[in-house]
Amino acid sequence: QVRLVETGGGWVQTGNSLLLSCATSGLTFSRHSMAWFRRAPGKDREFVAVIMWDGSTTYYAESVKGRFTISRDNTNNTMYMRMNALKPEDTAVYYCAASSAVVVDSREEFYTYWGQGTQVTVAS
């Protein structure tokens, strides 16, 4: 059974940082591209960042470029996202997702496995 579990969310003030983690089990982590998505209150889920299976390629949404950094540890089957300079508009539930394809993609339908999400709240 494949499991993706996000941790690290919380409440922070504007300008602060958080580190999200996505621990996986039941899949060959090193053969999956991994991504972060988020859903803000009243909005559709949107792409945030993706990292290729070997970590060689990353891609970010324009809204987070330069502030967020996605990374992965294939030894520990875990993906991370460091979020710096957080803004109130970053408030959302953050989801990790996994795809067995060998390319990076920002479309939700590209991803097979999803976590339950972790809440990030940024106060102004």
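Residues numbered from 1 in each chain as written. Predicted model: local features only at pLDDT ≥ 70, side-chain atom pairs only at ≥ 80, totals over all residues. Heavy atoms only, no water.

Draft legend 1. Representation of the nonpolar core within the structure. Formed by 35 residues in total, the largest nonpolar core has its most connected members in Trp36, Met79, Met81, Met83 and Tyr94. For this core, the secondary structure elements donating two or more residues are β3 (18-25), β4 (33-39), β5 (45-51), β7 (68-73), β8 (78-83), β9 (92-99) and β11 (118-123). (Core = buried A, V, L, I, M, F, W, Y, C linked by side-chain atoms within 4.5 Å. Buried < 20%, exposed > 50% of the residue type's maximum accessible area, 1.4 Å probe, protein only. Helix = DSSP H or I, 4+ residues; strand = E, 2+ residues; numbered from the N terminus.)

Draft legend 2. Representation of the state of the cysteines. By the definition in use, this model includes one disulfide. Two residues, Cys22 and Cys96, share a disulfide whose sulfurs are 2.1 Å apart. Residues Cys22 and Cys96 are joined through a disulfide that is right-handed, its torsion about the S-S bond being 60°. Of this pair, Cys22 sits in strand β3 while Cys96 sits in strand β9, and the two are 74 residues apart along the sequence. For Cys22, a relative accessible area of 0% puts it in the buried group. (Disulfide = S-S within 2.5 Å.)

Draft legend 3. Representation of unusual backbone geometry within the structure. Within the chain, Asn77 stands out as a residue other than glycine whose phi angle is a positive 55°. Its place among the elements puts Asn77 in the loop between β7 and β8. Of the residues examined, Asn77 reaches a relative accessible area of 29% and is grouped as partly exposed. With a phi angle near 50°, Ala85 is a residue other than glycine that sits in the positive phi range. Mapped onto the secondary structure, Ala85 falls in the loop between β8 and β9.

Draft legend 4. Main features of the pairing of β8. Bridge analysis of β3 against β8 gives six bridges, and the strand direction is antiparallel. Counted as the bridge partner of Leu19 is Arg82 from β8. For β7 and β8, the ladder comprises six bridges, and the chain directions are antiparallel. Its bridge partner lying in β8, Thr69 is registered against Arg82. Where β7 hands over to β8, the hairpin turn is made up of four residues, of which Asn77 adopts a positive phi near 55°. (Pairing = 2+ DSSP bridges.)

Draft legend 5. Quick peek at the environment of Thr91. Position of Thr91 among the secondary structure elements: in the loop between β8 and β9. For the pair Thr91 and Glu62, spaced 29 residues apart in sequence, the C-alpha to C-alpha distance is 16 Å. Ignoring sequence-local partners within four residues, the contact set of Thr91 consists of Ala40, Pro41, Gln119, Val120, Thr121 and Val122. (Contact = heavy atoms within 4.5 Å.)

Draft legend 6. The arrangement of the environment of Gln119 in detail. Relative to the assigned elements, Gln119 resides in strand β11. For the pair Gln119 and Arg82, spaced 37 residues apart in sequence, the C-alpha to C-alpha distance is 15 Å. Apart from residues no more than four positions distant in its own chain, Gln119 is found in contact with Gly9, Gly10, Thr91, Ala92 and Val93. Polar contacts involving the side chain of Gln119 include one to the main-chain carbonyl oxygen of Ala92, which spans 3.4 Å. Side-chain polar atoms of Gln119 contact the side chain of Thr121, separated by 3.3 Å. (Polar contact = N/O pair within 3.5 Å; in protein donor to acceptor, adjacent residues only side chain to side chain.)

Everything listed here is a matter of geometry and, on its own, says nothing about what the molecule does.
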